[in-house]
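Examining the three-dimensional arrangement
Single-letter residue listing:
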Amino acid sequence: MSSLFFTDTQLEAIAAALGDTSSGLTCSEIGFLLSASRITDVDPNATKRIRLYNAFAVDQNSRQDRLHVLAFIRKSVKPERYVSNPDRFEPMRVRVNQALLFAGLAIDHSGLLHEVRQARTISEARVRADELRADLVKRGVHADVLKFCREELLVNNYFHAVLETVKSVMDKLRSKSGLNEDGAALIDKALAGERPLVRINALSTDSERSEQKGFANLLRGVAGMFRNTTAHEARIHWNMSKDDAEDLLSMASLIHRRLDRAIT
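Right, let's walk through the structure included here. Computed from a prediction, not measured in an experiment: that's the story for all the values here. (Residues numbered from 1 in each chain as written. Predicted model: local features only at pLDDT ≥ 70, side-chain atom pairs only at ≥ 80, totals over all residues. Heavy atoms only, no water.)

**Re the packing of helix 8 (residues 159–177) against helix 9 (residues 183–191)**
Selection rule: Each axis is a line fitted through C-alpha atoms, and for a helix only the stretch in contact is used; angles between axes span 0 to 180 degrees, taken between their N-to-C directions. Working definition: helices are DSSP H or I runs of at least four residues, strands are E runs of at least two. Numbering for both runs from the N terminus. Any angle between 65 and 115 degrees counts as roughly perpendicular, while under 35 counts as roughly parallel, over 145 as roughly antiparallel, and the rest as oblique. Each crossing is labelled by how the near helix is turned from the far one, with a counterclockwise turn of less than a right angle marking it left-handed and a clockwise turn marking it right-handed. Throughout, a residue-residue contact means that at least one pair of heavy atoms, one from each residue, lies within 4.5 Å.
Viewed as axis vectors pointing N to C, helix 8 and helix 9 meet at an angle of 40°, and their least axial separation amounts to 10 Å. The angle between helix 8 and helix 9 places the two elements in the oblique class. For the pair helix 8 and helix 9, the crossing hand works out as left-handed. Note on element contacts: helix 9 touches helix 8 through Gly183, Leu186, Ile187, Ala190 and Leu191, opposite Met170, Leu173, Arg174 and Ser177.

**Things to note about helix 3 (residues 48–63)**
Just so we agree on the cut-off: For a helix, the expected span equals 1.5 Å multiplied by the number of residues minus one. Each residue gets one of three labels from its accessible area relative to the maximum for its type: buried under 20%, exposed over 50%, partly exposed in between, using a 1.4 Å probe on protein chains only.
Helix length check: helix 3, at 16 residues, gives a terminal C-alpha distance of 22 Å against a target of 22 Å (1.5 Å per residue), a fit within 8%. Taken together, the buried positions of helix 3 are occupied by Lys48, Arg51, Leu52, Ala55, Phe56, Ala57, Asp59 and Gln60. Contact partners of the buried residues in helix 3: helix 1 (8–18), helix 2 (27–36) and helix 4 (67–76). Of the residues trailing helix 3, Gln64 is marked for its positive phi of about 65°.

**Description of the side chain of His68**
Where we set the bar: Any pair of N or O atoms that falls within 3.5 Å is considered a polar contact. Within protein, one atom must be able to donate a hydrogen and the other to accept it, and sequence-neighbouring residues count only if both atoms are side-chain atoms.
Within the secondary structure layout, His68 lies in helix 4. Here Arg63 takes part through its side chain, which lies 3.4 Å from a polar atom of the side chain of His68. Setting aside its immediate chain neighbours within four residues, His68 contacts Ser37, Arg38, Ile39, Asp59 and Arg63.

**Observations regarding the packing of aromatic side chains**
What counts, and what does not: Note on aromatic contacts: the rings of Phe and Tyr and the six-membered ring of Trp form a pair at centre separations within 6.5 Å, being stacked when their planes are under 30 degrees apart, edge-to-face when over 60 apart, and tilted otherwise. Two conditions define a charge located above a ring, namely a distance within 6 Å from the ring centre to NZ of Lys or CZ of Arg, and an angle within 35 degrees of the ring normal.
All told, the structure shown has two aromatic pairs when counted by the stated rule. Each ring, one from Phe56 and one from Phe72, has its centre 5.1 Å from the other, and the planes form 70°; the classification is edge-to-face. Placement of Phe56 in helix 3 and of Phe72 in helix 4 is noted, with a sequence separation of 16 residues between them. You'll find Phe56 and Phe72 in the same group, each marked buried. Ring centres of Tyr82 and Phe89 lie 5.9 Å apart, and the angle between their planes is 65°; on these two criteria the pair is classed as edge-to-face. Across the ring face of Phe6, the terminal group of Arg66 is positioned such that the distance to the ring centre comes to 4.5 Å.

Structure below.
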């Protein structure tokens, strides 16, 4: 791994990912990490992506290896760096992996760098997204679920597609009920009680009232798995198979359909 070079285009992609304007490294973080990786900050007044590219290119060319650039990448995507702001970790890791895949590298959930099959004409993440979408289309899942089977959510696992789909379910319940709460509080106010704000049937029989309660419990379980759990546990430790993701996304599809037909 350490004896190879990054190509110019690979360095450009890595620098762009690390220096992303929305949630990439800050200017001060770049300065600190360049120093910690023993890379000279040759253009400190440039934009973040150009600053990083120039520093990487000069260091790699002068040293005739990419050891220091690899060190910078490792330090930039260490999970412990994001303890105070954990929501930054996954977007950073996803963006960097999209660039690294074309160099045959990837960062896993614990922040370790590994050699993987090199992407040449299409990223592995896009292939994974296409496969998942194809399987879900066969199942006839709701359109609001399919839109979350995106490449950027599926670089290394399926967790993020499922998480974003669960968020969309809660958004739809808020829209239907007119409430602003989230999680169990939203579900209880919107779906529970004698006169729920959102009704999946007429509630005219015991069976229909039981169905309403069961639907509310189903949403509580989903919210507990994917909203409450991730608020307390690091996302990097969550692993999910394609089969599990398909089953969970199909469940979300059922919830979306019932909410679409719900009475308010």
